[in-house]
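# Structural characterization, general
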Amino acid sequence: MKPEDHAWRSLREHASAQLRPDFANRVVRLAQGPQDETWRELEAAGARRLRAGFAERVLRAARQIPGVPSFLNQFAFSAATAAICMLAVVGIHSLQVRLESDRNLAGWQQLVDDMQDLEQYL
(Lines give C-alpha, C1' and ligand atoms only; values in the text may rest on other atoms or scores of the structure.)
Protein backbone atom coordinates (compact mmCIF):
# COMPACT_ATOMS: atom_id res chain seq x y z
CA MET A 1 0.00 0.00 0.00
CA LYS A 2 1.31 3.47 -0.85
CA PRO A 3 2.06 5.81 2.05
CA GLU A 4 -0.27 8.50 0.65
CA ASP A 5 -3.19 6.01 0.65
CA HIS A 6 -2.77 5.62 4.40
CA ALA A 7 -2.56 9.41 4.81
CA TRP A 8 -5.75 9.98 2.79
CA ARG A 9 -7.60 7.29 4.73
CA SER A 10 -6.50 8.83 8.03
CA LEU A 11 -7.55 12.28 6.86
CA ARG A 12 -10.99 10.98 5.80
CA GLU A 13 -11.50 9.23 9.11
CA HIS A 14 -10.47 12.31 11.06
CA ALA A 15 -12.76 14.59 8.99
CA SER A 16 -15.75 12.26 9.33
CA ALA A 17 -15.21 12.07 13.09
CA GLN A 18 -15.57 15.88 13.25
CA LEU A 19 -19.06 15.83 11.65
CA ARG A 20 -22.21 15.71 13.75
CA PRO A 21 -24.27 12.48 13.44
CA ASP A 22 -27.18 14.21 11.63
CA PHE A 23 -24.90 15.96 9.10
CA ALA A 24 -26.04 13.90 6.07
CA ASN A 25 -29.74 14.41 6.84
CA ARG A 26 -29.27 18.17 7.20
CA VAL A 27 -27.40 18.37 3.88
CA VAL A 28 -30.12 16.44 2.05
CA ARG A 29 -32.84 18.64 3.60
CA LEU A 30 -31.01 21.80 2.56
CA ALA A 31 -30.34 20.50 -0.95
CA GLN A 32 -34.05 19.86 -1.49
CA GLY A 33 -34.87 23.45 -0.51
CA PRO A 34 -37.84 24.81 1.38
CA GLN A 35 -41.31 23.37 0.92
CA ASP A 36 -44.07 25.28 -0.90
CA GLU A 37 -45.64 26.51 2.33
CA THR A 38 -42.31 27.94 3.46
CA TRP A 39 -41.96 29.83 0.16
CA ARG A 40 -45.45 31.27 0.58
CA GLU A 41 -44.58 32.42 4.09
CA LEU A 42 -41.34 34.02 2.87
CA GLU A 43 -43.15 35.83 0.03
CA ALA A 44 -45.84 37.08 2.41
CA ALA A 45 -43.23 38.34 4.89
CA GLY A 46 -41.38 40.14 2.09
CA ALA A 47 -44.59 41.69 0.76
CA ARG A 48 -45.46 43.02 4.23
CA ARG A 49 -42.14 44.88 4.33
CA LEU A 50 -42.70 46.69 1.01
CA ARG A 51 -44.78 49.83 0.85
CA ALA A 52 -47.71 49.99 -1.55
CA GLY A 53 -46.73 51.09 -5.06
CA PHE A 54 -43.13 49.87 -4.72
CA ALA A 55 -43.01 48.22 -8.16
CA GLU A 56 -44.45 51.29 -9.91
CA ARG A 57 -41.91 53.57 -8.19
CA VAL A 58 -39.02 51.31 -9.22
CA LEU A 59 -40.17 51.22 -12.85
CA ARG A 60 -40.73 54.98 -12.94
CA ALA A 61 -37.25 55.60 -11.50
CA ALA A 62 -35.67 53.16 -13.96
CA ARG A 63 -37.30 54.92 -16.91
CA GLN A 64 -35.90 58.26 -15.76
CA ILE A 65 -32.28 57.08 -15.60
CA PRO A 66 -30.30 59.08 -18.17
CA GLY A 67 -28.41 57.10 -20.74
CA VAL A 68 -30.83 54.19 -20.93
CA PRO A 69 -30.94 53.33 -24.63
CA SER A 70 -34.26 53.58 -26.39
CA PHE A 71 -35.68 50.79 -28.52
CA LEU A 72 -34.53 52.63 -31.67
CA ASN A 73 -30.97 52.90 -30.31
CA GLN A 74 -30.93 49.21 -29.43
CA PHE A 75 -32.24 48.29 -32.88
CA ALA A 76 -29.64 50.51 -34.60
CA PHE A 77 -26.86 48.97 -32.51
CA SER A 78 -28.09 45.46 -33.34
CA ALA A 79 -28.30 46.27 -37.05
CA ALA A 80 -24.78 47.75 -37.04
CA THR A 81 -23.43 44.69 -35.24
CA ALA A 82 -25.12 42.36 -37.74
CA ALA A 83 -23.73 44.39 -40.66
CA ILE A 84 -20.19 44.26 -39.26
CA CYS A 85 -20.48 40.50 -38.73
CA MET A 86 -21.79 40.01 -42.26
CA LEU A 87 -18.93 42.08 -43.71
CA ALA A 88 -16.43 40.02 -41.73
CA VAL A 89 -17.94 36.75 -43.00
CA VAL A 90 -18.02 37.96 -46.62
CA GLY A 91 -14.45 39.29 -46.36
CA ILE A 92 -13.06 36.07 -44.90
CA HIS A 93 -14.94 33.97 -47.46
CA SER A 94 -13.65 36.15 -50.30
CA LEU A 95 -10.08 35.83 -49.03
CA GLN A 96 -10.37 32.04 -48.75
CA VAL A 97 -11.82 31.76 -52.27
CA ARG A 98 -9.03 33.94 -53.67
CA LEU A 99 -6.33 31.91 -51.92
CA GLU A 100 -7.87 28.64 -53.13
CA SER A 101 -8.06 29.99 -56.69
CA ASP A 102 -4.41 31.04 -56.52
CA ARG A 103 -3.43 27.55 -55.34
CA ASN A 104 -5.46 25.93 -58.12
CA LEU A 105 -3.97 28.22 -60.79
CA ALA A 106 -0.47 27.49 -59.50
CA GLY A 107 -1.21 23.76 -59.71
CA TRP A 108 -2.52 24.08 -63.29
CA GLN A 109 0.47 26.24 -64.26
CA GLN A 110 2.81 23.55 -62.92
CA LEU A 111 0.91 20.94 -64.95
CA VAL A 112 1.20 23.08 -68.12
CA ASP A 113 4.92 23.57 -67.55
CA ASP A 114 5.41 19.82 -67.05
CA MET A 115 3.41 19.07 -70.23
CA GLN A 116 5.52 21.54 -72.24
CA ASP A 117 8.71 19.94 -70.92
CA LEU A 118 7.36 16.51 -71.87
CA GLU A 119 6.42 17.70 -75.39
CA GLN A 120 10.01 18.82 -76.01
CA TYR A 121 11.25 15.28 -75.47
CA LEU A 122 8.64 13.69 -77.74
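What comes next concerns the included structure.

Calculation notes
Residues numbered from 1 in each chain as written. Predicted model: local features only at pLDDT ≥ 70, side-chain atom pairs only at ≥ 80, totals over all residues. Heavy atoms only, no water. Helix = DSSP H or I, 4+ residues; strand = E, 2+ residues; numbered from the N terminus. Rg over C-alpha atoms; globule rule 2.2 N^0.38 Å. Buried < 20%, exposed > 50% of the residue type's maximum accessible area, 1.4 Å probe, protein only. Salt bridge = Lys/Arg side-chain N within 4 Å of Asp/Glu carboxyl O.

Our next topic: the overall build of the protein. For the protein, the helix and strand inventory stands at 5 helices and 0 strands. Secondary structure elements of the protein, listed N to C terminal, follow the sequence α-α-α-α-α. Over its C-alpha atoms the protein spans a radius of gyration of 36 Å, topping by over 25% the 14 Å that the globule rule assigns to 122 residues. Seen through its principal axes, the protein has C-alpha atoms that stretch 100 × 70 × 25 Å. Counting only residues that meet the buried cut, the protein has 1% of its 122 residues in that class.

Moving on: the environment of Pro3. Within the secondary structure, Pro3 sits in helix α1 (residues 3-18). Taking the C-alpha atoms as reference points, Pro3 and Ala17, separated by 14 residues in sequence, lie 21 Å from one another.

Taken as a whole, this structure holds 4 salt bridges when the rule is applied. One salt bridge connects Glu37 with Arg40, and the closest N-O pair in it is separated by 3.2 Å. A residue pair is termed a helical-turn pair when its members lie 3 or 4 positions apart in one helix, as Glu37 and Arg40 do in helix α3 (residues 36-49) at 3 residues. By relative accessible area, Glu37 is classed as partly exposed at 42%.

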